[in-house]
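# An overview of the molecular structure
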Amino acid sequence: AVAPIVYGSLHILGWHTQFPTVAERTLWRIATVVSMSPGAVATVSFIFFTLIFHDPDEHKHPRLGIAYHSIRVIASIIAPSLYSFASMYLLFESVRQLWFLTSKAYILASWSYYVPHLF
């Protein structure tokens, strides 16, 4: 549950970064939130399953059975699928942003001439 939150929080650093279009900035923000959500979904589903459902029985409590299966589908199918798509978008967009850097990004820092190169 912690790994998606840490991964998504690193991408929050790019929340106010300059993007070529408004749509790309919006997609970045959506993908960042979506990539963090499986951690929250896993935590909520764990608490829900351990505290509420010790042995879900649909015949005794039909509404709890429906909730149990709904949360199980969300936690095991929907959240991981959305996480995968969001992570792929973040990776793709991070690499694609390299083509939109200003020319100042390619200037070699003056102190790098004085650092010995080992390789």
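A few points on the structure. (Residues numbered from 1 in each chain as written. Predicted model: local features only at pLDDT ≥ 70, side-chain atom pairs only at ≥ 80, totals over all residues. Heavy atoms only, no water.)

Estimates place the volume of the largest pocket at around 260 Å³. Lining the largest pocket are Gly14, Thr17, Gln18, Phe19, Pro20, Trp28, Ser94, Gln97, Leu98, Phe100, Leu101 and Thr102. Here the lining of the largest pocket is composed, by residue class, of six nonpolar, six polar and no charged. (1 Å grid on protein atoms, 1.4 Å probe; cavity = no way out; pocket = protein on both sides within 12 Å on 5 of 7 lines; lining within 4 Å. Points joined across faces, edges and corners; volume = space filled by probe spheres on them. Nonpolar A, V, L, I, M, F, W, Y, C, P; charged D, E, K, R; others polar.)

The final tally for this structure, using the stated rule, is two salt bridges. We note a salt bridge from Arg96 to Glu24, for which the minimum N-O separation is 2.2 Å. Placement of Arg96 in helix α3 (residues 62-96) and of Glu24 in helix α2 (residues 22-52) is noted, with a sequence separation of 72 residues between them. Here Glu24 falls in the buried class, since its relative accessible area comes to 15%. The residue Glu93 makes a salt bridge to Arg96 at a minimum N-O spacing of 3.5 Å. Remark: Arg96 and Glu93 occur in helix α3; sequence separation between them is three residues, near one turn of the helix. Given the relative accessible area of 2%, Glu93 is considered buried. For Arg96, a relative accessible area of 19% corresponds to the buried category. Salt bridges sharing common partners tie together Glu24, Glu93 and Arg96. (Salt bridge = Lys/Arg side-chain N within 4 Å of Asp/Glu carboxyl O. Helix = DSSP H or I, 4+ residues; strand = E, 2+ residues; numbered from the N terminus. Buried < 20%, exposed > 50% of the residue type's maximum accessible area, 1.4 Å probe, protein only.)

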